[in-house]
Each structure stands twice: as C-alpha cells, then as structure tokens.
Amino acid sequence: MRAVAYRIPQAISAETALIDVDLPVPSPEDRDLLVEIKAVSVNPVDTKVRAGVQPEPNQPKVLGWDAAGVVKAVGPKVTLFQVGDEVFYAGALDRPGTNAEFHLVDERIVGRKPKSLGFAEAAALPLTAITAWETLFDRLKVGEPVPGAANAVLIIGGAGGVGSIAIQLLRALTNLTVIATASRPETRDWVLKLGAHQVLDHGRPLATEIEQLALGAPAFVFSTTNTDKHIGEIVKLIAPQGRFALIDDLPVLDVMPFKRKAVSTHWEMMFARPMFKTPDMIEQHNLLNRVAELVDSGKIRTTLTETLGPINAAMLRKAHQMIETGRTRGKLVLEGF
C-alpha cells in the first residue's frame, strides 16, 4: 500500500522530511478495524512528532491521526462496526498513522462518519472534537457552575482547530457566554461566525480586555496555544475557584500563582485513553457519534477551511509547512491517493 513516512527527524524544508513509501497492508486483530483511508487532516502533533521523534531502526514512521474512510475488514472481537461502514476517528499516538491507504484502529475510538458530510469535511473533526469535548465536559466540567463566577468561558486561540470546534460545542450544548480570542480580522470574523459572543485580541492584556466586557470574572479558561505568554493574565482574570485547562506543550508550568484563588488546573491529552487502554476508552466512540449527530442536525459544522490534493509526500510537506506558521484557521485536509 502507498504511505507517507519519515526515517529521521528533520526540518520540513528538507526534501526527505517526508517520503513516499510502499508498505504491506496490515491485518486487523482483536477489536481492530482495517480502514481504507479517504481523507486525513493535519494537526500540530504531526509536525511535532516528525521534528522530534526518532523512528525505530530501519522502520519508516507513518504519521497522521485524523482520518475518515471506509471499513474494509474487522478483527474477531469487533462488535460496533461492519465492513462497508463509513467512519471517522483520531487514532492513537503509539500506533502507525493514517497517512496510508489502509490503517488499523481500535473500534472503541472510532465514530460513525456524519452522513451529511463528505470524507474531507469529516476528517477535519475527530482530533479537535475529542480534545475540545474532553476538555470542556470531562476536565473543566463546564456544566457545573462556579459559585460567584460569571457563567462564561474564555477560549484563548479561538480560531485554531480546537478552538473552532470548542466554540460550537459550547453554543450547542451549554448556556455559557463564549469569549474567544483572535488577533487578525479574518480570524475574528471566523470565531464570530462559529458563535462566539465576544472576541478579544490576545495581543493585548487579557485581564484588561475581560474587565472591559463588564461580565465579571469567567468561571472557565481554556488555553489552546501560547499558554506561557498568557499565564499571568489568566491568573488575574479567572474567578476564584475557577477551572483552567490547557493543551499546548510547555517545558514548565508554574501553577503556584493559582493557589490564592484555589483555581484547579487540567491538562488535556486526547491520546491518553487509547494509549493507556483506560476502562472508559469507549467514551471516544460515544462522543464522536454524538458529534456526528450534532453535525447531521445542523447544530455544529465542519471546521475544514482548506483541502489540498492527494495524500502524498509533496502535499504533506506543504501541509506541515502551513501548520508550522501557526497562522492557519480551522483545519487543513488532504483527500485521496
């Protein structure tokens, strides 16, 4: 089967940073699905792994997590799907990736593709939807009010992939006031179209920006990017006993300043459930099916903003370059081989 991989970590400017390879088609075991990949989305995790993780000796490493496709074969213990089902999912960090014609994935982290979406539109959703859902409902528990706090959530980096779906989930499933940050006219327009009630400029002091809204101190803060640059402002603006979550990679996070306000801190890692085979691993299957229902009922929409050509090394190098600028809006997808 055709696939895209790398052999040594390199800057994306290198011609061999990603290469086309030919690999055997894998066979499903246990609860695995063999999925014929129709479309994949590219995420910051793809670029981070490519640049920093050394593959096993003489083993090309295939990247890619977000995917949409068709089930071609099932393992002997599969109960949730059958051959021919259209699916979407975000894969597992410790297994070969989706940048290949065929891919193995545990059925417990797979959802049924939204019927109203094409494969490219569906591939834009899983990783960010799981991340946003787990952060909002499993970590921050936004359904449980914080006494005395404004019934509001601040999303730092609202125009990115995770922020784009988090805004929609909050509007569809809660009555919270959604405040998002964006620093450019096009990203400001994007988050407003997705449903944000208010938009702040994260290039300015966020505590002052929040104070000027006259809503009170928000109960929840969800930081999707550049947390190290905003942590001091977050400490100032969040309500006492508020809840703070983040997803970006920081070498050090000093949470001591939160102690005075008794703020709880939550670090979301959507790969944790499949990586550790947690007893509630199937919750990713359940939430993806719920996301599909929300899409098909018109309550949320895909965050796809750009589709590139076929899934090959040249197109994926271009996609990685775009992601590494840090200025993409929504999600970037590649479709077909």
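Since we're looking at a predicted model, the values are computed, not measured.

Criteria and cut-off values
Residues numbered from 1 in each chain as written. Predicted model: local features only at pLDDT ≥ 70, side-chain atom pairs only at ≥ 80, totals over all residues. Heavy atoms only, no water. Buried < 20%, exposed > 50% of the residue type's maximum accessible area, 1.4 Å probe, protein only. Helix = DSSP H or I, 4+ residues; strand = E, 2+ residues; numbered from the N terminus. Contact = heavy atoms within 4.5 Å. 1 Å grid on protein atoms, 1.4 Å probe; cavity = no way out; pocket = protein on both sides within 12 Å on 5 of 7 lines; lining within 4 Å. Points joined across faces, edges and corners; volume = space filled by probe spheres on them. Nonpolar A, V, L, I, M, F, W, Y, C, P; charged D, E, K, R; others polar. Pairing = 2+ DSSP bridges. Axes fitted to C-alpha atoms, helices over the stretch in contact; angles between N-to-C directions. Arc of directions from axis to C-beta. Salt bridge = Lys/Arg side-chain N within 4 Å of Asp/Glu carboxyl O. Phe/Tyr/Trp six-rings, centres within 6.5 Å; stacked < 30°, edge-to-face > 60°. Lys NZ or Arg CZ within 6 Å of the ring centre and 35° of its normal.

Caption draft 1: Spotlight on helix α7 (residues 227-237). Among the residues of α7, those classed as buried are T227, H230, I231, E233, I234, V235 and L237. For α7, the elements touching its buried residues are β9 (150-156), α6 (206-213), β12 (218-223) and β13 (243-246).

Caption draft 2: Structural context of the layout of surface pockets. In this structure, the largest pocket occupies an estimated 1400 Å³ of space. Along the wall of the largest pocket there are 49 residues; nearest its centre are P44, G160, G161, T224 and T225. Of all the secondary-structure elements, those providing two or more residues to the lining of the largest pocket are α1 (44-52), α3 (126-139), α4 (161-173), α7, β15 (304-308), α10 (313-324) and β16 (331-335). Grouping the amino acids of the lining of the largest pocket by side-chain chemistry returns 16 nonpolar, 21 polar and 12 charged. Taken as a whole, the second largest pocket holds about 220 Å³ of empty space.

Caption draft 3: View of the sheet that holds strand β2 (residues 19-22). The 3 strands are arranged β2-β1-β4 in an open sheet whose pairing can be described as antiparallel. Unpaired on one side and paired on the other, β2 and β4 (61-62) mark the two borders of the sheet. Relative to β2, strand β1 (residues 2-6) is paired through 4 bridges, and the arrangement is antiparallel. When the sheet's bridge partners are listed, A3 is paired in β2 with V21.

Caption draft 4: Broad picture of the sheet that holds β12. Across the sheet, 6 strands lie side by side as β11-β10-β9-β12-β13-β14; this open sheet has parallel pairing. Of all strands in the sheet, those with a lone pairing partner are β11 (198-200) and β14 (264-267), marking the two edges. Mean inter-strand twist for the sheet, computed between neighbouring axes without regard to direction, equals 20 degrees. The pairing of β12 with β13 spans 4 bridges and is parallel. Looking at the pairing, F222 lines up with A245 of β13.

Caption draft 5: A look at α6. Of all the positions in α6, only L206, A207, E209 and I210 are classed as buried. Buried residues of α6 fall within an arc of 160 degrees about the axis and therefore sit on the same side. Summarising the geometry of α6, the exposed residues directed more than 90 degrees from the buried face are E211 and Q212. Looking at the buried residues of α6, the elements they touch are β9, β10 (177-181), β11, β12 and α7. Note on α6: the residue one or two positions beyond its end, A214, has a positive phi of about 60 degrees.

Caption draft 6: Highlighting the pattern of salt bridges. A complete count under the given rule lists 21 salt bridges for this structure. Measuring nitrogen to oxygen at the nearest pair gives 3.2 Å for the salt bridge that ties D85 to R112. Here D85 is found in the loop between β5 (67-74) and β6 (86-89), whereas its partner R112 is found in strand β8 (residues 110-112), with 27 residues between them in sequence. Overall, R112 belongs to the partly exposed group, its relative accessible area being 36%. Its salt-bridge partner being R273, residue D280 comes within 2.9 Å of it at the nearest N-O pair. Among the ionic contacts, a cluster of salt bridges with common partners joins E134, D138, R139, E268, R273 and D280.

Caption draft 7: Broad picture of the packing of aromatic side chains. All told, the structure shown has 3 aromatic pairs when counted by the stated rule. Ring centres of F244 and F258 lie 5.2 Å apart, and the angle between their planes is 35 degrees; on these two criteria the pair is classed as tilted. Within this pair, whereas F244 is found in strand β13, its partner F258 is found in the loop between β13 and β14, the two being separated by 14 residues in sequence. For F244, a relative accessible area of 0% translates into the label buried. Here the basic side chain of K113 rests over the ring of F119, its NZ or CZ set 5.1 Å away from the ring centre.

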